[in-house]
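# Chain and residue survey
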Amino acid sequence: MHKLKIRNINDNFYKNLERITSDGTLDDKKIVIYGDYRTSEHIISAIIKGGYNIYAVVDPNNQRVKSIKDGIVSSFNGYIDPKTLDEVLVPYNESIIIILATREPNKAYKRLERYNYGREQIVEVEDFEEVYELASIPEVSIDRLYTLEDLKRKEYEIMCIWDDYCNEHDLRHYLAYGTLLGAVRHKGFIPWDDDVDVVMPVKDYIKFVEGFSHPDYELYNNLSCDNYYHFHSRLVDKNTVLEDVKYPFKAKLGVNIDVFPLCGFPDDKEDVDLFTKEIMNNTKDWDNLWFRYEDSDEWRHRYREVADRVNSSMVKFDYDSVERVGNYLTGHIENRVYPREIFDDKCMVEFNGRMFPAIKDYDKQLSIDYGDYIELPPVEERICKHTFIAYNK
């Protein structure tokens, strides 16, 4: 059983919450939580325990708000369904105080300025950007760090190992998400992207997880590791180190690719509602578990209990018998469920000069994931969004 090196980076979060709820900052204010992020539940809980009421939760993602209202997904905070900014912040109200629960406070400040809310009406429980910056200081000399191109080369090597194994053992497997988009639009990596995503029907995924063995690579998942922080697997190069900053903790793994299971999704409306609630509860319990990570037997017991529930959900509905399938275990049900029939036939797409399998109707999958996927995003959005550092051992 593997064990990752993990340390918490949210030491000041609860101290700051205690101060905010005891120094009068919130007195006689209409308290609005900005962001339905994993921190929002902890913020709301502390505020209620402090004797205050929450006026509203707002989320800048209007599509997500709509999905919650339509019952497609549940709110992450577990208390209050979020509303759009327009619903709560228009017209301007001087008695409102806004508490940020987002990893991107600078974007939040800019959005809120459009509604005439200045910094005097905004509170940060944690300076997430500063926390990320400090946690991202490498533990080795700078000259040892991978460049983006170094990282891509290593990830491509791992892709080839995965593809070779699946071909040798006749396992269904496909490029997915940004990696599929990169293959279709760029014939390789998206120039500013820095990770690899692949998917496998859950039956083939389980065979891969149970059977893969290689002297230089290993699979990490919640079966092989007692403190692994994703629902899906990662295929890791054992000769590398990857320092992964993922608030509220920092973990050491290795350069890797993400391997996601495609799981069956129920067809009956009543089953959909119950299963959606089950997935969202698993996601919420998982987030809460990791928000208070500790190296203890009690924590590992709770980890195993949630992980076993997640693994059971993967195979609850037979992949080959249902009409819809998807990678929804992380709670992103609104954009991770597809008609199963689009995975029945495959084609080959070029990636870095090598041909890899993709679903034949990749246009439908990419359109579901990204809309008009051929159009490039604005220049200012062409940035790496992940927070990790890589180097050789």
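Further up the page is the structure itself.
Bear in mind the structure is a predicted one, so any value in this text is a computation, not a measurement. (Residues numbered from 1 in each chain as written. Predicted model: local features only at pLDDT ≥ 70, side-chain atom pairs only at ≥ 80, totals over all residues. Heavy atoms only, no water.)

## Notes on the overall build of the chain
- For the chain, the count of helices and strands is twelve helices and 17 strands.
- For a compact globule of 393 residues, the expected C-alpha radius of gyration is about 21 Å, and the chain comes in at 22 Å, within 12% of that figure.
- Along the three orthogonal principal directions, the C-alpha set of the chain runs to about 65 × 55 × 45 Å.
- Partitioning the intrachain contacts of the chain with sequence separation of at least 6 by distance along the chain shows that 69% fall at a separation of at least 24.
- Summing over all exposed atoms, the chain offers an accessible surface of approximately 18500 Å²; the carbon and sulfur share of this is 46%. (Helix = DSSP H or I, 4+ residues; strand = E, 2+ residues; numbered from the N terminus. Rg over C-alpha atoms; globule rule 2.2 N^0.38 Å. Contact = heavy atoms within 4.5 Å. Areas by Shrake-Rupley, 256 points an atom, 1.4 Å probe, with all protein chains shown as cover.)

## Some words on the packing of aromatic side chains
- Throughout the structure, instances matching the rule amount to 30 aromatic pairs.
- On the basis of an interplanar angle of 45° and a centroid distance of 4.9 Å, the ring pair of Tyr92 and Tyr117 is categorised as tilted. On the criterion of sequence distance, the pair formed by Tyr92 in the loop between helix H4 (85–89) and strand S4 (96–100) and Tyr117 in the loop between helix H5 (105–113) and strand S5 (122–124) is long-range, its members being 25 residues apart.
- The partly exposed category is assigned to Tyr92, whose relative accessible area is 40%.
- Its relative accessible area of 1% is what places Tyr117 among the buried residues.
- The positively charged end of Arg119 is found above the aromatic ring belonging to Tyr109, 3.8 Å away from the centroid. (Phe/Tyr/Trp six-rings, centres within 6.5 Å; stacked < 30°, edge-to-face > 60°. Buried < 20%, exposed > 50% of the residue type's maximum accessible area, 1.4 Å probe, protein only. Lys NZ or Arg CZ within 6 Å of the ring centre and 35° of its normal.)

## Re the sheet that holds strand S3 (residues 54–58)
- Pairing within the open sheet is parallel, and its four strands lie in the order S3-S2-S4-S5. Because the sheet does not close on itself, it has two edges, and the strands there are S3 and S5. With direction set aside, neighbouring strand axes in the sheet form an average angle of 25°.
- In this sheet, S3 lies alongside strand S2 (residues 30–34) in parallel orientation, the contact comprising four bridges. Paired with Tyr34 across the strands is Val58, a residue of S3.
- The strands touched by helix H2 (residues 38–49) within the sheet are S2, S3 and S4, with S2 carrying the most contacts at an inclination of about 165°. (Pairing = 2+ DSSP bridges. Axes fitted to C-alpha atoms, helices over the stretch in contact; angles between N-to-C directions.)

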